[in-house]
Amino acid sequence: MVNYLLALTELVSTIVILLVSSYLIRFSFILNKQYWIKTKTLLLSSLLLPIITFVITKVISGNLALSLGMVGALSIVRFRNPVKSPLELVLYFTLITLGISASVNIQWTIILSFVVIFINVMAFIYENFLVHKFGMPKFLTSFSEGNPLSTLEISIDQEIDFLNNNNSFSSLTHHDNTYVYRFASPNISDLNDILYELKSKKVELISFNIQKF
């Protein structure tokens with residue numbers, strides 16, 4: 001009876017650690033403006049995937065016949081969900097590894113969670129503090145990772161070099177002596193800075209349209 005209670009306590013504590021770790025990892029990704037992970041689907045996936053992997057690993061460990069049977073059963077499953085970015089693939093692999101490591105030694109789960117969260121926090125500190133305080137180079141904005149972005153469209157009668165080199169620059173269209181610049185950024189303040197800089201340089205705009213997410 002005592003052994004059963006100890007095993008049950010260990011199982012419950014492992015599941016709690018997996019839930020807390022996966023949630024904190026998810027939050028650390030959101031901290032770095034990975035808004036695609038804020039959906040209900042990915043929230044449930046983040047919480048369930050480590051536990052499911054943990055249970056599968058526990059069930060097949062030490063049983064060769066069962067392991068082969070599980071491999072055969074899983075081989076017929078086809079995952080068709082499109083991956084939005086390499087970082088999403090890293091997230092899934094991290095969650096699966098959490099479950100596997102928990103079945104071997106919970107310390108590896110804690111270490112992996114700490115490392116992933118630490119790296120995300122360091123990236124957040126770099127982008128939000130060091131870049132502005134010490135003028136370090138900004139991260140480039142990706143326009144194909146499923147993140148919602150605020151947009152700015154400017155129409156002017158000339159091509160301007162500093163607009164072409166802006167980190168938020170998306171595209172440029174030239175038609176009938178009109179240059180149409182398009183910018184996108186997760187921070188609308190970056191787009192407002194573009195308008196402010198154009199105003200300070202006394203560049204006359206034909207029109208502009210800014211949309212905040």
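That block above? That's the structure.
Residues numbered from 1 in each chain as written. Predicted model: local features only at pLDDT ≥ 70, side-chain atom pairs only at ≥ 80, totals over all residues. Heavy atoms only, no water.

A. Structural view of the sheet that holds strand β2 (residues 169-175). Taken in spatial order, the 4 strands make up an open sheet running β2-β3-β1-β4, and their pairing is antiparallel. The open sheet has two edge strands with one neighbour each: β2 and β4 (207-211). Across this sheet, the average inter-strand angle for adjacent strands is 10°, counted without regard to direction. Pairing between strand β1 (residues 150-156) and β4: 5 bridges, direction antiparallel. Within β4, the residue paired with S155 across the bridge is S207. Its contacts with the sheet put helix α7 (residues 188-200) on β1, β3 (178-185) and β4, and the angle it makes with β1 is roughly 20°. (Pairing = 2+ DSSP bridges. Helix = DSSP H or I, 4+ residues; strand = E, 2+ residues; numbered from the N terminus. Axes fitted to C-alpha atoms, helices over the stretch in contact; angles between N-to-C directions. Contact = heavy atoms within 4.5 Å.)

B. Focus on the pairing of β1. Along β1, 5 of the 7 residues are buried, which leaves the element largely enclosed by surrounding structure. Two strands pair when backbone bridges link them, and β1 and β3 are joined in this way by 7 bridges, in the antiparallel orientation. Opposite I156, over in β3, you have Y179 as the bridge partner. (Buried < 20%, exposed > 50% of the residue type's maximum accessible area, 1.4 Å probe, protein only.)

This is a description of form; function is not addressed.
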